[in-house]
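Descriptive structure summary
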Amino acid sequence: DTGVSQDPRHKITKRGQNVTFRCDPISEHNRLYWYRQTLGQGPEFLTYFQNEAQLEKSRLLSDRFSAERPKGSFSTLEIQRTEQGDSAMYLCASSFRDRAYNEQFFGPGTRLTVL
Amino acid sequence: TQLLEQSPQFLSIQEGENLTVYCNSSSVFSSLQWYRQEPGEGPVLLVTVVTGGEVKKLKRLTFQFGDARKDSSLHITAAQPGDTGLYLCAGERTSGSRLTFGEGTQLTVNP
């Protein structure tokens, strides 16, 4: 039974570069979520998908951020023109919508450092 | 605006002691989840509570959901060093929607 996987686990980039992260959810899960977590804080919601449809985006998700889930399976999160303030842990979670309640299972995260 | 207030933020105790972590809100949640997170890793789901007044036990951990579904608590009996970690509560306003997290409680259990 494989859980949620994320790639890469760590990314160091220079300010102004573009970065892309990938998330592979648990195979039967139809909902996929992205969160961002900075040191000493709980995760903050960014966006989520049901199958391939992006249902909600947070105001935290500026126009430099874009997320896709083209075939309703894996998802990518791209950050363009990175800034130092983008340094954080980016977490992906998945869940199965048709359960009575929505348990979200998280991946190990991608730690982004913008120099 | 932090919808979920967790307390305490930091807790350092000796092995064998008991502790309680609180998660409070003025909002009603359809469910509330507790997670434990290790440094550099993603949160791991411990439990989900759904019904007001519900109590769930997981070995030495006891979770309670408030009657009005606005608050929750986590009680650990006879804490062990392996319990050390960041404990996060997260509420869901409607089923299937985003989770709103508290700031977390960093627990350190000293041998």
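Keep in mind that this is a model prediction, so the values were computed, not measured. (Residues numbered from 1 in each chain as written. Chains lettered and ligands numbered in written order. Predicted model: local features only at pLDDT ≥ 70, side-chain atom pairs only at ≥ 80, totals over all residues. Heavy atoms only, no water.)

**Quick look at the environment of Arg69(B)**
Residue and element names in this part refer to chain B.
- Mapped onto the elements of the fold, Arg69 is located in the loop between β7 (61-65) and β8 (71-76).
- Residue classification places Arg69 among the partly exposed residues on the basis of a relative accessible area of 30%.
- Separated by 14 residues in the primary sequence, Arg69 and Val55 have C-alpha atoms spaced 12 Å apart.
- Filtering out sequence-adjacent residues up to four positions away, Arg69 remains in contact with Ser27, Val28, Phe29, Ser30, Val50, Thr51 and Gly52. (Helix = DSSP H or I, 4+ residues; strand = E, 2+ residues; numbered from the N terminus. Buried < 20%, exposed > 50% of the residue type's maximum accessible area, 1.4 Å probe, protein only. Contact = heavy atoms within 4.5 Å.)

**Let's talk about the side chain of His29(A)**
Residues and elements named next belong to chain A.
- Tracing the sequence through the fold places His29 in the loop between β3 (19-24) and β4 (31-37).
- Residue classification places His29 among the buried positions, given a relative accessible area of 6%.
- Among residues more than four places away in sequence, those in contact with His29 are Arg69, Ser94, Ser95, Phe96 and Phe105.

**Some words on the interface of chain B and chain A**
- Between chain B and chain A, the residue contacts involve 23 residues of the former and 24 residues of the latter.
- Summed over both partners, the interface of chain B with chain A buries about 1,800 Å², with 48% contributed by carbon and sulfur atoms.
- If you sort the residues of chain B by the area they bury against chain A, Gly96(B), Arg98(B) and Phe101(B) come out on top, with a joint share of 27%.
- The shortest N-O distance in the salt bridge between Arg9(A) and Glu41(B) comes to 3.5 Å.
- The interface formed by chain B and chain A contains 9 residue pairs in polar contact (both at pLDDT 80 or more).
- If you list the elements that add at least two residues to the side of chain B that touches chain A, you get β4 (31-37), β5 (44-49), β9 (85-92) and β10 (99-101) of chain B.
- Among the elements that line the side of chain B that touches chain A, the one with the most residues is β4(B), at 4 residues.
- Across the side of chain B that touches chain A, the residue classes break down as 8 nonpolar, 10 polar and 5 charged. (Buried area = accessible area lost by both parts, 1.4 Å probe. Salt bridge = Lys/Arg side-chain N within 4 Å of Asp/Glu carboxyl O. Polar contact = N/O pair within 3.5 Å; in protein donor to acceptor, adjacent residues only side chain to side chain. Nonpolar A, V, L, I, M, F, W, Y, C, P; charged D, E, K, R; others polar.)

**Points about the sheet that holds strand β6 (residues 55-58) of chain B**
Residue and element names in this part refer to chain B.
- Across the sheet, which stays open at both edges, the 5 strands sit in the order β1-β3-β8-β7-β6 with antiparallel pairing between neighbours. The strands lining the two open edges of the sheet, one partner per strand, are β1 (5-7) and β6. Between one strand and the next, the sheet's axes are offset by a mean angle of 15°, whatever the strand orientation.
- As paired elements, β6 and β7 share 4 bridges and run antiparallel to each other. Its bridge partner lying in β7, Val55 is registered against Gln64. (Pairing = 2+ DSSP bridges. Axes fitted to C-alpha atoms, helices over the stretch in contact; angles between N-to-C directions.)

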